[in-house]
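What follows is each chain in one-letter form.
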Amino acid sequence: MSHVETELSSQPECWERSVELSTEHRHLLGAPGERLAVVGCGTSYFMAQAVACLREAAGLGETDAFAASEFPAGRRYDRVIALTRSGTTTEVLELLAHLRGSTRTTAITADPDTPVKNAADDLVVLAFADEKSVVQTRFATTAFTLLRAHLGLPTRKAIEDARTALAEPLPEGLAECTQFTFLGRGWSNGLAQEAALKMREASLSWTEAYPAMEYRHGPISISTVNTATWMFGSAPIGLAEQVEATGARWIEGRLDPLAELVRAQRLAVRVAAARGLDPDRPRHLTRSVVLTTS
């Protein structure tokens, strides 16, 4: 069994532990009414998008999400939360250094013995969710669950649904598709983007992601009999029928969107195995992007 298979299978237990930690660290994760930004790179950026959307929708305050390299210079926030599994990503460390002394920062990381411990004002450590695989699964979803619980939003169903996502077989024939499209609405848009990234990283698949209502504005033209279109959350009225009319396969997201992401992680590993790929060591990727300056 690959590292990523072991790690993605442990997610329900990791999520339960993060819910417990959310109370302990509540003073580091943003108070209601504060203006927040959540930042990250790659997978962490997509988790940041989902968190920001959830927080605003819950009426807890203006919340933005940025790739760490694209944080807008001069914009003011009460706190910036950085998601960084390794604690070594160059863009995150540079942003935290830039914000030092002007904006309070919290880093959520898996490894406290890295440069991020000195770069951020506050640290939340999820060491139990650290990973050996280059491909992120449990750290990202555990950090998301920590923040989701902090917002006072229900997590129990997501944990139960994740166990279902791990136990039930994937839809027959899904792994044989040659193109995968993931769709989301609201906070599940970020999760759809992350599902697409997992498919690209682990299995080198042709994969795209879009807001569900945008899919009919052009992207649906790529759909063929070899396409699987997977909806995270409730689908817009009529979209399933329109996708099926193209000959593409429609996958209805019936579980909590975070649990649907677990199913997509499993699919990525399944497709990688079918193609003779090592999902722990994706092509051209490393566990952390550490840039050198000349």
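This text goes with the structure placed above it.
About the cut-offs
- Residues numbered from 1 in each chain as written.
- Predicted model: local features only at pLDDT ≥ 70, side-chain atom pairs only at ≥ 80, totals over all residues.
- Heavy atoms only, no water.
- Helix = DSSP H or I, 4+ residues; strand = E, 2+ residues; numbered from the N terminus.
- Buried < 20%, exposed > 50% of the residue type's maximum accessible area, 1.4 Å probe, protein only.
- Contact = heavy atoms within 4.5 Å.
- Areas by Shrake-Rupley, 256 points an atom, 1.4 Å probe, with all protein chains shown as cover.
- Lys, Arg positive; Asp, Glu negative; His and termini not counted.
- Charge placed at Lys NZ, Arg CZ, Asp CG, Glu CD.
- Core = buried A, V, L, I, M, F, W, Y, C linked by side-chain atoms within 4.5 Å.
- Salt bridge = Lys/Arg side-chain N within 4 Å of Asp/Glu carboxyl O.
- Polar contact = N/O pair within 3.5 Å; in protein donor to acceptor, adjacent residues only side chain to side chain.
- Pairing = 2+ DSSP bridges.
- Axes fitted to C-alpha atoms, helices over the stretch in contact; angles between N-to-C directions.
- Expected span 1.5 Å × (residues − 1).
- Right-handed = clockwise from strand over helix to strand, strands pointing away.

Within the protein, the regular secondary structure consists of 10 helices and nine strands. Its C-alpha atoms give the protein principal-axis dimensions of about 55 × 40 × 40 Å. Taken over 294 residues, the protein has a buried fraction of 57%. In the protein, 71% of the contacts between residues at least 6 apart in sequence involve partners at least 24 apart. Only carbon and sulfur atoms are counted for the fraction: they give 51% of the accessible area of the protein, which is about 12400 Å². Separation of charge centres in the protein, based on 30 positive and 36 negative side chains, amounts to 1 Å.

Looking now at the environment of S102. Turning to its location among the elements, S102 is positioned in the loop between α4 (90-99) and β4 (104-109). On the accessibility criterion, S102 (36% relative accessible area) is partly exposed. It is 9.4 Å that separates the C-alpha atoms of S102 and D78, two residues lying 24 residues apart in sequence.

In this structure, I108, L126, F180, F182 and L267 are the most contacted members of the largest nonpolar core, which totals 59 residues. A per-element tally of this core places helix α10 (residues 257-274) first, with eight residues. Not counting chain neighbours up to four residues away, the residues in contact with F180 comprise L174, M199, S205, W206, T207, E208, A228, L267 and V271. F71, L93, L95 and V116 belong to the second largest nonpolar core, which has 17 residues in total.

Right, let's talk about the side chain of E7 for a bit. Topologically, E7 is positioned in helix α1 (residues 3-9). Buried charge without a partner: E7 forms no salt bridge, and the closest opposite charge is R138, 4.7 Å away. At 3.5 Å, the side chain of E7 and the backbone nitrogen of S133 are in polar contact.

All right, on to the sheet that holds β4 then. Pairing in this open sheet of five strands is parallel, and the strands run β2-β1-β3-β4-β5 from one edge to the other. Since the sheet does not close on itself, it has two edges, and those belong to β2 (63-67) and β5 (122-125), each with one partner. Here the strands of the sheet are splayed against their neighbours by 20° on average, with no regard to which way each runs. In the sheet, β4 pairs with β5 via four bridges, with the strands oriented parallel. Bridged to A107 within β5 is L123. The strands that helix α6 (residues 138-150) touches are β3 (79-83), β4 and β5; relative to β4, the one it contacts most, it runs at about 135°.

A few words on helix α8 (residues 188-203). Between its terminal C-alpha atoms α8 stretches 22 Å, which fits the 22 Å expected from 16 residues at 1.5 Å a residue. Of all 16 residues making up α8, 13 are buried, and the element is well covered by its neighbours. Positive backbone phi, approximately 55°, marks L204, located one or two places after α8.

This part takes up the sheet that holds strand β9 (residues 249-251). Read from one edge of the open sheet, four strands run β7-β6-β8-β9, paired in parallel fashion. Bordering the open sheet on either side are β7 (206-211) and β9, each of which pairs with just one other strand. Neighbour-to-neighbour, the strand axes of this sheet turn through a mean angle of 20°, independent of strand direction. Looking at chain direction, strand β6 (residues 179-184) and strand β8 (residues 227-232) are connected through six bridges and run parallel. Note on β8: the bridge partner recorded for L183 is M231. Here α8 sits on the sheet in contact with β6, β7 and β8, set at roughly 175° to β7. Running at roughly 155° to β8, α10 makes contact with β6, β8 and β9 of the sheet.

Quick look at the pairing of β7 now. In terms of strand pairing, β6 meets β7 through six bridges, oriented parallel. Counterpart to T181 in the pairing with β7 is E208. Traced from β6 through α8 to β7, the parallel crossover comes out right-handed.

Let us now look at unusual backbone geometry. The backbone of L204 shows a phi angle near 55°, a positive value even though the residue is not glycine. Assignment of secondary structure puts L204 in the loop between α8 and β7. For L204, a relative accessible area of 35% corresponds to the partly exposed category.

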